[in-house]
Amino acid sequence: MFAIVVPPPAAADEPFYRGKVVNLVVGFAVDNSFDSYGRLISRHLGKYLPGNPTIVVQNMPGAGSLRATNNLYNVAPKDGTTIGIIDQAMVLNQFLLLQGLQADVLKFPAVVEETQ
């Protein structure tokens, strides 16, 4: 299972993503099924965002996507140019007070889930 976190861009007359690069952070190693999902999504997502940005996959493995979750919440820009695929267990981990989780995953702007 996985979640894609997508911060909404600000409204503007010009397409927000025109000429921009969107980083798709994958919280898992290369050659993992989540990595495959991210690379598949990256091939097509740019066509469906206003301005048709380039999508670049950035793998950030570590602790079952804990590293990527913390990065998305604390470091990544909050302007819609960074999105991510993280393990949906991060929600449960928050309630179990997982040591090292430095994010309030319930405050991510949008979460889309898929079940394998």
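Reading the values: the criteria
- Residues numbered from 1 in each chain as written.
- Predicted model: local features only at pLDDT ≥ 70, side-chain atom pairs only at ≥ 80, totals over all residues.
- Heavy atoms only, no water.
- Helix = DSSP H or I, 4+ residues; strand = E, 2+ residues; numbered from the N terminus.
- Buried < 20%, exposed > 50% of the residue type's maximum accessible area, 1.4 Å probe, protein only.
- Phe/Tyr/Trp six-rings, centres within 6.5 Å; stacked < 30°, edge-to-face > 60°.

Draft legend 1. How the structure looks around the environment of Ile 83. Topologically, Ile 83 is positioned in strand S4 (residues 82-86). Take Ile 83: its relative accessible area is 5%, and that puts it in the buried class. A C-alpha to C-alpha distance of 5.0 Å links Ile 83 and Leu 24, two positions 59 residues apart in sequence.

Draft legend 2. A look at the packing of aromatic side chains. Tallied over the entire structure, the rule returns three aromatic pairs. Note on Phe 28 and Phe 34: the rings are 4.1 Å apart at their centroids and 15 degrees apart in plane angle, and the pair reads as stacked. Phe 34 carries the same exposure label as Phe 28, and that label is buried. Measuring from centroid to centroid gives 6.1 Å for Phe 34 and Tyr 37, while their planes differ by 90 degrees, and the two rings are edge-to-face. Of the two residues, Phe 34 and Tyr 37 are both situated in helix H1 (residues 33-45); the distance of three residues between them amounts to about one turn of the helix.

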